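# Observations on chain architecture
Residues per chain, in single letters:
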Amino acid sequence: MTTATIDRSTPVFVAGHRGMVGSAIVRRLQALGYTQVVTAARSELDLGSQAQVREFFAARGIGHVVLAAAKVGGIHANNTYPAEFIYENLMIECNVVHAAHCAGIRRLLFLGSSCIYPRQAPQPMREDALLTGVLESTNEPYAIAKIAGIKLCESYNRQYGHDYRSVMPTNLYGPNDNFHPENSHVIPALLRRFHAAVESGADEVVIWGSGQPLREFLHVDDMAAASVHVMELDDEVYRRHTQPMLSHINVGTGVDCSIRELAETCARVSGFQGRLSFDASKPDGTPRKLMDVSRLRSLGWQAGIPLEQGLRETYAWFLEHHATARL
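What comes next concerns the included structure. Because the structure is predicted, anything quoted here is derived from the model rather than measured.

Moving on, we come to the pattern of salt bridges. One pass over the full model with this rule turns up 15 salt bridges. The partner of aspartate 235 in a salt bridge is arginine 239, and the shortest N-O contact between them spans 2.9 Å. Placement of the pair is aspartate 235 and arginine 239 together in helix α8 (residues 235-240), with a separation of 4 residues, close to one helical turn. Put simply, glutamate 308 and arginine 268 hold a salt bridge, and the shortest N to O gap is 3.0 Å.

The subject of this paragraph is the pairing of strand β1 (residues 12-15). Side chains Val12 and Val14 of β1 all project onto a buried face; the interleaved residues Phe13 and Ala15 project onto the opposite face, where all are buried too. Bridge count between β1 and strand β2 (residues 37-38): 2 bridges; the pairing is parallel. If you follow phenylalanine 13 over to β2, its bridge partner there is valine 38. Considered for its hand, the β-α-β crossover made up of β1, helix α1 (residues 20-31) and β2 is right-handed. The pairing of β1 with strand β3 (residues 64-67) spans 4 bridges and is classified as parallel. Across the sheet, the residue bridging to valine 14 is valine 66, located in β3.

What follows is about empty space enclosed by the protein. Counted according to the given criterion, the structure contains 1 cavity of 30 Å³ or more. Around the largest cavity, the lining residues are Ser114, Cys115, Tyr117, Pro118, Met125, Glu136, Asn139, Thr286 and Lys289. In terms of residue class, the lining of the largest cavity is built from 4 nonpolar, 3 polar and 2 charged.

In terms of nonpolar packing, the biggest core is built from 42 residues, with Phe13, Phe57, Val65, Val96 and Leu108 touching the most fellow members. Secondary structure elements with two or more residues in this core: β1, α2 (50-60), β3, α4 (82-102), β4 (107-111), α5 (140-160) and β5 (163-169). The element contributing the most residues to this core is α5, with 7 residues. Excluding anything up to four places from it in sequence, phenylalanine 13 contacts Val38, Thr39, Ala40, Leu45, Phe56, Phe57, Ile62, His64, Val65 and Val66. In terms of nonpolar packing, the next biggest core, distinct from the first, is built from 34 residues, Ala24, Tyr34, Ala68 and Leu233 among them.

Calculation rules
Residues numbered from 1 in each chain as written. Predicted model: local features only at pLDDT ≥ 70, side-chain atom pairs only at ≥ 80, totals over all residues. Heavy atoms only, no water. Salt bridge = Lys/Arg side-chain N within 4 Å of Asp/Glu carboxyl O. Helix = DSSP H or I, 4+ residues; strand = E, 2+ residues; numbered from the N terminus. Buried < 20%, exposed > 50% of the residue type's maximum accessible area, 1.4 Å probe, protein only. Pairing = 2+ DSSP bridges. Right-handed = clockwise from strand over helix to strand, strands pointing away. 1 Å grid on protein atoms, 1.4 Å probe; cavity = no way out; pocket = protein on both sides within 12 Å on 5 of 7 lines; lining within 4 Å. Points joined across faces, edges and corners; volume = space filled by probe spheres on them. Nonpolar A, V, L, I, M, F, W, Y, C, P; charged D, E, K, R; others polar. Core = buried A, V, L, I, M, F, W, Y, C linked by side-chain atoms within 4.5 Å. Contact = heavy atoms within 4.5 Å.

Structural data, given as structure tokens:
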């Protein structure tokens, strides 16, 4: 697939560079030879402040933007803080997209989430399933914010002729993931729980839910590679594979597994040899979430990191950065 001749010396602002996805994108850009990757810590730039974001863009001479900043979390966090999830994500998206427009930045990449699709969307989920049904209630506020981000990009494209693109990743994991005991996603939560069980000598680990839901998992380094690939695509190529009001692109592996299978793999990776039990009184979330990635494959990219390999790398990262912390 032919990509655009993007000047890799042009400043590229990565919003959310300290997060799992943003840090992976920074690594990918640097590996590809981008010489001016612009970042800003929260103490330097509050993405929730319209004035600060506009001033930052006006002063930095930014050429491209990758919007990877977001408030994220698992089922527990989404259920506990729905107001923060919709408000903070909407504010970040609105401020960054509008500031990019005001600064004359033509190309921007927005990172969304597979939760934008209806709870009962046909599987695997195609891009055109967007807005065809009811969302999963446990993360509806977050999903609404991400849908709004897609439509923000499309609206600025239609009205101002910009080139603001959107990619929708499946469930991500990898280095710099959030291993918080309550607010993390399923993979870091499981790895942390199994590690604690091994350390304490426990003979049982309890998993939330029935273990039956099917999920797709993508290593964050694969996500970063796909994101930069889409960002660099020639404009004509990108437009030929999308539509003005259906412009987002799914990013995933095209393969899923049950939560039970995932838990068994995490147990194997961590060295836990006890028994697993499943607490069916806890919410399962959406029954299945598998992405149709045929559009991305037609654009010349597919995932390359197998799940167990990625889990072993992620667990090694956890051991290096978190295992000595109090569990």
